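Topology and contacts: notes
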Amino acid sequence: LQNGAREACLDKEWIKKLDCYEYYVTPPEIRAQTKQWIAEFLADSEHNQVSWTSEQLTKYNGRNDDFPSHSSVMEYIIQLPSDIWVFPSWKGHNVTRRNLLQFNGKSLDTGDIRFGQEGYRPLPKIADYSEEEQEFVWQNLESLLHRGGRIVARLKDFMDDQEEEN
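Below or above, wherever it landed, is the structure these notes cover. Small disclaimer: the values here were computed from a predicted structure and weren't measured. (Residues numbered from 1 in each chain as written. Predicted model: local features only at pLDDT ≥ 70, side-chain atom pairs only at ≥ 80, totals over all residues. Heavy atoms only, no water.)

Scanning the chain from terminus to terminus reveals eight helices and four strands. Each helix (α) and strand (β) of the chain, taken in turn from the N terminus, gives the series α-α-α-β-α-β-β-α-α-α-β-α. Here the C-alpha radius of gyration of the chain, 17 Å, is about what a compact globule of 166 residues would show, namely 15 Å. C-alpha atoms of the chain, sized along the principal axes, occupy 55 × 40 × 35 Å. Within the span of the chain, comprising 166 residues, buried residues form 38% of the whole. The contacts in the chain between residues at least 6 apart in sequence include a share of 67% that link residues at least 24 apart. Element-wise, carbon and sulfur atoms account for 50% of the exposed surface of the chain, whose accessible area totals about 10,600 Å². The chain carries 19 positive and 29 negative side-chain charges, and their two centres are separated by 4 Å. (Helix = DSSP H or I, 4+ residues; strand = E, 2+ residues; numbered from the N terminus. Rg over C-alpha atoms; globule rule 2.2 N^0.38 Å. Buried < 20%, exposed > 50% of the residue type's maximum accessible area, 1.4 Å probe, protein only. Contact = heavy atoms within 4.5 Å. Areas by Shrake-Rupley, 256 points an atom, 1.4 Å probe, with all protein chains shown as cover. Lys, Arg positive; Asp, Glu negative; His and termini not counted. Charge placed at Lys NZ, Arg CZ, Asp CG, Glu CD.)

What follows covers the pairing of strand S3 (residues 76-79). Sheet topology note: the strand S2 (residues 70-73)/S3 ladder contains four bridges and is antiparallel. Note on S3: the bridge partner recorded for Ser-71 is Ile-78. Adjacent in sequence and paired antiparallel, S2 and S3 are bridged by two residues, among which Met-74 carries a positive phi angle near 50 degrees. (Pairing = 2+ DSSP bridges.)

The next subject is the nonpolar core. Ranked by internal contacts, the top residues of the largest apolar core, which has 29 residues, are Ile-78, Leu-141 and Leu-144. Where this core is concerned, the elements lending two or more residues are helix H3 (28-43), S3, helix H7 (131-145) and strand S4 (150-155). Beyond its immediate sequence surroundings of up to four residues, Leu-144 is in contact with Ser-71, Val-73, Ile-78, Leu-80, Ile-84, Val-86, Trp-90 and Gly-149. (Core = buried A, V, L, I, M, F, W, Y, C linked by side-chain atoms within 4.5 Å.)

The contact between helix H5 (residues 96-103) and H7 brings their axes to 10 Å, and the two run at 125 degrees. Here H5 lies oblique to H7, going by the angle between them. Relative to H7, the crossing made by H5 is right-handed. For the pair formed by H5 and H7, the contact residues are Thr-96, Asn-99, Leu-100, Gln-102 and Phe-103 on the first element and Glu-132, Glu-133, Phe-136, Val-137 and Asn-140 on the second. Each residue belonging to the contact of H5 with H7 can be placed in one class, and the counts come to four nonpolar, four polar and two charged. (Axes fitted to C-alpha atoms, helices over the stretch in contact; angles between N-to-C directions. Parallel < 35°, antiparallel > 145°, perpendicular 65-115°, else oblique. Left-handed = near helix turned anticlockwise from the far one by under 90°. Nonpolar A, V, L, I, M, F, W, Y, C, P; charged D, E, K, R; others polar.)

This part is about the sheet that holds strand S1 (residues 51-52). Reading across the sheet, the four strands line up as S1-S4-S3-S2 and stay open at both edges, with mixed pairing between neighbours. Looking at which strands have only one partner, the edges of the open sheet turn out to be S1 and S2. In this structure, S3 lies alongside S4, joined through four bridges in antiparallel fashion. The residue bridging Tyr-76 from the neighbouring strand is Arg-154, located in S4. In this fold H3 packs onto S3 and S4, with an angle of close to 60 degrees to the strand it touches most, S4.

The structure is reproduced here in structure tokens:
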């Protein structure tokens, strides 16, 4: 918000007010629990090799009882509890690019490319994120897991794109 205010050349007094607001910092116990859930998933030999493509993920948009809502952040596919509220655009979608757009003050409407649309691949590489972008994406993952979401698979397309050269 502060960066957007500066880019829009808002009045310096408004920017000062915005700069006084604290932003969310992940408590250590929240991050530790998130990492523990990831480690448990990765240690579970029955589930850790399960990978889905983006095409498979799109079916899990919650519009059909046979395909309950799932979302994906980075490589992790999260089954969403039926009582969790998320933006409809998150369902059946890897929201990592969307998170980065939001963090950087870019248009979600024009920049959020969904599976099947031109430019969907490659997916963003974690190695290219700034520390602040990484933190924002981690916080999004945590928002799903700490409200009852559960890691059920890994997104093959995301993992493949991490290894590919630009």
